[in-house]
Amino acid sequence: GVSFILVTNDDGYSSPSLVPLVRALAGLGRVRAVVPDRERSWIAKAITRDFGEFGAFLAQFSQAAKTVQGSGWAILAWEPLSGRLIVLSTEKHQNQTMYGCVPLLVLDVWEHAYYLKYQNNRAGYVDAFWKVVNWENVDSRLALARKLTA
C-alpha cells in the first residue's frame, strides 16, 4: 500500500524513496476510488465523528490540498490532546512543524509531484489521489497514534 510521507523541518522527507511511489500511484486513473470500511475501521468512525460524514472530510482535505499557496502538503493528522482528527495544510519546506499532531495521511502538492502527468492541473492530481489511498494503512497509523493520548 501507499505509505504516508513524513516531513520534518530540517530535512524534508524522512523517506525519500516513497516519493516516486506516491507520484506513480497518484497517476493511476484506472484505479477506482476507495473508502474506508465503515463497519470495522477506526479511521472511518473517526472521520464520521470529526467531520460529520466521509464526503465532508474529502471536501475539506481536497480543498486544503488544492489551495496550498505554492508548494506544500495537505495532511490528515491525529491530535492526541483533543483525541480528534484534523486537516492541515503546510507551505514550503521550512514550515513543516506540526506541534502535537501525528500525520496519518499526507499528500505532496509540490509541483514536482504531479507536473509530468498533470502539468498545472493540481486539482486533477488531488482528485486522482483518492483512487489510491490505502485506508487499511491509515487505520493502522491511527491505531498507533491513539495510544499517544494522555
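The following paragraphs examine the structure supplied in this document. The model shown is predicted, which means the values in this text are computed figures rather than measured ones.

### Here we look at the nonpolar core
At step 1: If you look at the biggest cluster of nonpolar residues, it comprises 32 residues, and the most contacted ones within it are Phe-57, Leu-85 and Trp-135.
At step 2: Only helix 2 (42-51), helix 3 (54-66), strand 3 (72-79), strand 4 (84-91), strand 5 (102-108), helix 4 (111-118), helix 5 (122-129) and helix 6 (135-146) provide two or more residues apiece to this core.
At step 3: Here this core takes five residues from helix 3, the largest share from any one element.
At step 4: With five residues, the next largest nonpolar core counts Trp-73, Ala-77, Cys-101 and Val-106 among its residues.

### Describing the pattern of salt bridges
At step 1: This model, assessed by the stated rule, comprises three salt bridges.
At step 2: Here Arg-84 ties to Asp-50 by a salt bridge, and the two come within 3.0 Å at their closest N and O atoms. With a gap of 34 residues between them, Arg-84 in strand 4 and Asp-50 in helix 2 connect regions that are remote in the sequence.
At step 3: Take Asp-50: its relative accessible area is 15%, and that puts it in the buried class.
At step 4: Here Asp-127 ties to Lys-66 by a salt bridge, and the two come within 3.0 Å at their closest N and O atoms. Placement of Asp-127 in helix 5 and of Lys-66 in helix 3 is noted, with a sequence separation of 61 residues between them.
At step 5: With relative accessibility at 41%, the residue Asp-127 sits in the partly exposed group.
At step 6: Accessibility expressed as a relative area gives 32% for Lys-66, which makes it partly exposed.

### Concerning helix 3
At step 1: In a regular helix each residue adds 1.5 Å, so 13 residues correspond to 18 Å; helix 3 covers 18 Å between its end C-alpha atoms and thus fits that length.
At step 2: Restricting attention to buried positions, one finds in helix 3 the residues Phe-54, Phe-57, Phe-61, Ser-62, Ala-64 and Ala-65. Taken around the axis of helix 3, the buried residues stretch over an arc of 160 degrees, which confines them to a single face.
At step 3: Residues of helix 3 that are buried sit in contact with helix 2, strand 3, strand 4, strand 5, helix 5 and helix 6.

The rules we used
Residues numbered from 1 in each chain as written. Predicted model: local features only at pLDDT ≥ 70, side-chain atom pairs only at ≥ 80, totals over all residues. Heavy atoms only, no water. Core = buried A, V, L, I, M, F, W, Y, C linked by side-chain atoms within 4.5 Å. Buried < 20%, exposed > 50% of the residue type's maximum accessible area, 1.4 Å probe, protein only. Helix = DSSP H or I, 4+ residues; strand = E, 2+ residues; numbered from the N terminus. Salt bridge = Lys/Arg side-chain N within 4 Å of Asp/Glu carboxyl O. Expected span 1.5 Å × (residues − 1). Arc of directions from axis to C-beta. Contact = heavy atoms within 4.5 Å.

Honestly, that's just the spatial picture; any functional story needs more than this.
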